Amino acid sequence: MDQILGQVLRNAVWERLDMLADLATRADTDSLVSVARSELPRLTEGWRAMLSAHEPDERGDCPTCSTRWHRCKAPCSVWQVAHEHLVAGGLAPQQDLRRSSRRTRATVPNQSRAPKPTQVETTGRHALIPQVAAH
Ligand SMILES: [Zn+2]
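About the cut-offs
- Residues numbered from 1 in each chain as written.
- Predicted model: local features only at pLDDT ≥ 70, side-chain atom pairs only at ≥ 80, totals over all residues.
- Heavy atoms only, no water.
- Patch = residues over 30% accessible without salt bridge, like charges linked within 9 Å, V, L, I, M, F, W, Y side chains within 5 Å.
- Areas by Shrake-Rupley, 256 points an atom, 1.4 Å probe, with all protein chains shown as cover.
- Salt bridge = Lys/Arg side-chain N within 4 Å of Asp/Glu carboxyl O.
- Helix = DSSP H or I, 4+ residues; strand = E, 2+ residues; numbered from the N terminus.
- Donors = N, O, S within 2.8 Å, 3.2 Å for Na, K, Ca; no water.
- Buried < 20%, exposed > 50% of the residue type's maximum accessible area, 1.4 Å probe, protein only.
- Axes fitted to C-alpha atoms, helices over the stretch in contact; angles between N-to-C directions.
- Parallel < 35°, antiparallel > 145°, perpendicular 65-115°, else oblique.
- Left-handed = near helix turned anticlockwise from the far one by under 90°.
- Contact = heavy atoms within 4.5 Å.
- pLDDT = per-residue confidence, 0-100.
- Polar contact = N/O pair within 3.5 Å; in protein donor to acceptor, adjacent residues only side chain to side chain.

1. A short note on a nonpolar patch on the surface
Together, Leu9, Val13, Trp14, Leu17, Leu40 and Leu43 give the surface a local cluster of nonpolar side chains, amounting to about 590 Å² of exposed area. Those elements giving two or more residues to the nonpolar patch turn out to be helix 1 (2-26) and helix 2 (29-52). The biggest single contributor to the nonpolar patch is helix 1, with 4 residues. Mapping Leu9 onto the fold places it in helix 1.

2. Concerning the coordination of the zinc ion
For the zinc ion, every protein donor is listed as His54 (ND1), Cys62 (SG), Cys65 (SG) and Cys76 (SG), and the spread of their distances is 2.1 to 2.3 Å. Sequence positions of the donors to the zinc ion reduce to the motif H-x7-C-x2-C-x10-C. One end of the pair, Cys62, is in the loop between helix 2 and helix 3 (77-88); the other, Cys76, is in the loop between helix 2 and helix 3, and 14 residues separate them in sequence. For the residue pair Cys62 and Cys76, the accessibility class agrees, reading buried in each case.

3. Considerations on the packing of helix 2 against helix 3
The contact between helix 2 and helix 3 brings their axes to 10 Å, and the two run at 150°. Taken together, the axes of helix 2 and helix 3 lie roughly antiparallel to each other. In the packing of helix 2 onto helix 3, the handedness of the crossing is left-handed. Listed contacts from helix 3 to Trp47, Met50 and Leu51 of helix 2 are Val78, Trp79, Val81, Ala82 and Leu86.

4. Notes on the confidence of the model for the protein chain
Per-residue confidence for the protein chain averages 77 on the pLDDT scale, and 65% of its residues sit at or above 70. Across the protein chain, element-level confidence peaks in helix 2 with a mean pLDDT of 95 and bottoms out in helix 6 (residues 119-122) with 39. Note on residues 92-135: pLDDT under 50 across the span, and 34 contacts to partners over four residues away in sequence or across chains.

5. What to know about the pattern of salt bridges
Counted under the stated rule, the structure contains 7 salt bridges. Between Glu39 and Arg42 there is a salt bridge, and its shortest N-O distance comes to 2.8 Å. Placement of the pair is Glu39 and Arg42 together in helix 2, with a separation of 3 residues, close to one helical turn. Overall, the relative accessible area of 5% leaves Glu39 in the buried class. Measuring nitrogen to oxygen at the nearest pair gives 3.4 Å for the salt bridge that ties Asp57 to Arg71. A residue pair is termed long-range when its members are at least 10 positions apart, and Asp57 in the loop between helix 2 and helix 3 and Arg71 in the loop between helix 2 and helix 3 qualify at 14 residues. Arg71 sits in the partly exposed class, given a relative accessible area of 35%. One network of salt bridges, in which partners are shared, links Asp57, Arg59, Asp61, Arg71 and Lys73.

6. Some thoughts on the side chain of Asp61
For Asp61, the location among the structural elements is in the loop between helix 2 and helix 3. The buried category is assigned to Asp61, whose relative accessible area is 5%. A polar contact of 3.2 Å, which involves the side chain of Asp61, links it to the side chain of Arg71. The residues touching Asp61, leaving out its near neighbours within four places in the chain, are Glu55, Pro56, Ser66, Arg71, Cys72, Lys73 and Ala74.

This is the structure in structure tokens:
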């Protein structure tokens with residue numbers, strides 16, 4: 001039973017990721033903005049939660065990836081994937097495209113003009129699909 005629940009859980013996560021990737025390529029601009037405002041904070045929160053479980057301990061090992069018999073030196077594979085996708089592979093292409101006007105890393109987190117929470121953000125985590133379809 002645990003195995004079935006585990007499979008259901010994993011499938012749900014894969015399907016969610018598929019849906020977000022699909023939205024990124026097919027949704028119109030208004031929908032994309034709504035999705036970005038509601039989903040990006042959740043994605044970053046998810047990364048933070050996952051990465052905090054893989055922070056190195058006082059010996060420089062990952063406490064989550066290490067076993068009693070095998071110590072896993074930090075940065076573990078989770079941190080390596082995070083760096084590859086969020087830093088090396090994630091923002092680099094955009095920096096290349098926009099290098100003449102501004103630096104992505106300096107401007108993106110500094111949203112002083114961020115609007116108040118929208119309808120999308122306050123309607124709950126499972127309201128994404130109907131919201132996007134309504135646009
Ligand atoms: Zn780890």
